[in-house]
Amino acid sequence: MSLFKRKASENTFSDFTGSAKSRSFEDRVYDAIVFVVLTLVFLIVAYPLYFIIISSISDPVLVASGQVTFWPRGITFEGYQEVFKKGEVMRGFFNSVYYTLLGVGVSLVVTLPTAYALSRDDFFGRKVISIFYVLTMFVSGGLIPTYLVVRSAGFIDTVWALVIPGAMGVYNMMVARTFFKTNISPELLDAAKIDGCNDTWFFLRIVLPLSGAIIAILVLWIGVGHWNSYFNALLYLNQRERQPLQLELRYILILNTDYVASQGMSLEAIKEQRRLEAVKEMLKYSLIIISSLPVLLLYPFIQKHFVKGVTVGSLKG
Amino acid sequence: MFCLPGIIITFIFHYIPLYGVQIAFRKYSVKRGFWGSEWVGLQHFVRFFNSPNAVQIITNTLILSLYSLAASFPIPILLALFLNSMRHRRYRKVIQTVTYAPNFISIIVMCGMLILFLSPRIGIINKLLELFGVEAINFMGLPQAWRHIYVWSGVWQTMGWSSVVYFAALSGVSPEYHEAAVVDGATKLQRIRYIDFPSILPVAVMLLILSFGSLLSIGFEKAYALQNDLNRTVSEIISTYTYKVGIVDSNMSYSAAIGLFNSVVNAVLLVTVNWVSGKISGNALW
């Protein structure tokens, strides 16, 4: 039975609420409370996101004076134009794309074969290797010793510092192992063996093509993780040209180092200065949207798979 | 052979650092390297515990993570129970889609949003306060506000996503229980109390134990991004401190000692909580 086809049993509770007439007074009060609470939750989560979107396309002066609340006003795309004019942001964006793709690739090459080997009951040493991995989830050398090892490996200021040390995600590996265990039957292996197929061939030609769902989940998990993280880059990449998008965002959104040059002191100049400052703030809203865009575009797809992944993960074997 | 790349990477980047923890007991110097540096015993630990920072940092870390746990542990459970008992299925899907979304926002963007919204000059929150005649407040510079900002923005960001695992557990409850309960005249609240709640309890206990195991290693990324000179008295936690001492000030051994103290406390907490939980509820990790 595939773990990925459990949808049929998904809705259990609301099927038995009965018709409106048969519901007791207590139940109706309960339903009303649930409805109100969840609507509040919905608004609390949705409004800040919505606000970012409308602010990014509204007149910056109106946004800065708090006049944009429910609808965009004075629609302009100036913020977006400003973002695209910023060389370092674009550079960071492409750096991040590169690190993410490479990171996902390396991670899969390391994780999937291990997961498959550990899913096989006939694999000698399975227990020992499992313990070897699980231990790393609970004890770690800490920041400094890890940093020193990465440094002595010569990874400072290279992609490898971001890509290699975390390539073996133990949790991901266990999810993949559970998937292989439940979805690749031993009979399949026996049949292939009789046809003269060895383990490597079997893994590449039969196991991987059958594992699209789990590969998608891992790609998304690892990819989003790489795209959104900044700590490793802060730690290991000192050269500005190599820094990923999240660090560039940090300069602008958090450290606010993006100063507007002074324009002189005439009335016109002061007005212009005001406007530029407003644009600078507006750029932040646009920047938030652009930097989240890759993830946002994948979101509908991600959501479906992420949820499945959590389900498989919680049933770890 | 399939396992080799993983084993090598894990060995180098997890097990060698574990061995390298001994620099916490040495006086690390770049010239003499990892293994050549001279032994100094517990000197770094003594120095840390005698420093005025130690108490403050450890207290900050504990308060922040206990507060976080108290807020972000029960809320997803409630959310999942509520969502599961919701009658409008389409509306439920919409709420789920929206509440999961913030989880995919990066920490930098999340903190950037907070700083924008709370800004005294242009932030929407202060604009709203001005409507009621309240003077603009610089929230990010207010030490007493910092923990609330940290914790509740975390709840905002993760509650939807954390509820997924509970929601999945609830979906696994056999419909027959609910049918039988309805026949017996149970109200919805009773069904939640006696059917749904017990079914997510094991998952909840497991996650609770695990979070106690990482009580002191509460994330670096967010605390560091939200930190500024004005709120440092409450926002300096162990992970940000080890980073600053070790990487920024290159005080490797001292920082490694603090890190080691952190890991040891985590391990002790994990084992203790797991043992207590096993005694009380029969749910334990091992």
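Note that the coordinates shown come from a computational prediction; the quantities given were computed from them, not determined experimentally. (Residues numbered from 1 in each chain as written. Chains lettered and ligands numbered in written order. Predicted model: local features only at pLDDT ≥ 70, side-chain atom pairs only at ≥ 80, totals over all residues. Heavy atoms only, no water.)

K.L.:
An account of the interface of chain A and chain B is requested, with residue identities and associated values reported.
P.N.:
Chain A puts 97 residues into the contact, and the matching count from chain B is 93 residues. Counting the surface lost from both chain A and chain B, the interface buries some 8600 Å², and carbon and sulfur atoms represent 74% of this. Counting every contact that joins chain A to chain B gives zero salt bridges. Applying the counting rule to chain A against chain B returns seven residue pairs in polar contact (both at pLDDT 80 or more). Broken down by element, the residue count for the side of chain A that touches chain B peaks at 19 residues, all from helix H1 (residues 25-56) of chain A. Tallied by class, residues from the side of chain A that touches chain B come to 59 nonpolar, 25 polar and 13 charged. (Contact = heavy atoms within 4.5 Å. Buried area = accessible area lost by both parts, 1.4 Å probe. Salt bridge = Lys/Arg side-chain N within 4 Å of Asp/Glu carboxyl O. Polar contact = N/O pair within 3.5 Å; in protein donor to acceptor, adjacent residues only side chain to side chain. Helix = DSSP H or I, 4+ residues; strand = E, 2+ residues; numbered from the N terminus. Nonpolar A, V, L, I, M, F, W, Y, C, P; charged D, E, K, R; others polar.)

K.L.:
Give me the lowdown on the layout of surface pockets, citing residues and values where you can.
P.N.:
In this structure, the second largest pocket spans a volume of roughly 770 Å³. Along its surface, the second largest pocket is lined by 29 residues, and A:Ile44, A:Pro48, B:Trp152, B:Ser153 and B:Trp156 are the ones closest to its centre. Counting residues per element, the ones that place at least two in the lining of the second largest pocket are H1 of chain A together with helix H5 (74-84), helix H7 (107-118), helix H8 (124-131) and helix H9 (143-171) of chain B. With eight residues, H1(A) is the single largest residue contributor to the lining of the second largest pocket. (1 Å grid on protein atoms, 1.4 Å probe; cavity = no way out; pocket = protein on both sides within 12 Å on 5 of 7 lines; lining within 4 Å. Points joined across faces, edges and corners; volume = space filled by probe spheres on them.)

K.L.:
Any chance you could break down H8(B) for me, citing the residues and the numbers?
P.N.:
What H8(B) keeps buried is the set B:Ile124, B:Asn126 and B:Lys127. Buried residues of H8(B) fall within an arc of 165 degrees about the axis and therefore sit on the same side. Check the buried side of H8(B) and you find it contacts H1 and helix H2 (60-64) of chain A together with H7 of chain B. Positive backbone phi, approximately 80 degrees, marks B:Gly133, located one or two places after H8(B). (Buried < 20%, exposed > 50% of the residue type's maximum accessible area, 1.4 Å probe, protein only. Arc of directions from axis to C-beta.)

K.L.:
Let's hear about unusual backbone geometry: which residues, and what values?
P.N.:
All names here are of chain A. Even without glycine at this site, Asp157 takes up a positive phi of about 65 degrees. Mapped onto the fold, Asp157 is located in the loop between helix H6 (143-152) and helix H7 (160-163). Taking relative accessible area as the criterion, Asp157 reaches 16% and is therefore assigned buried.

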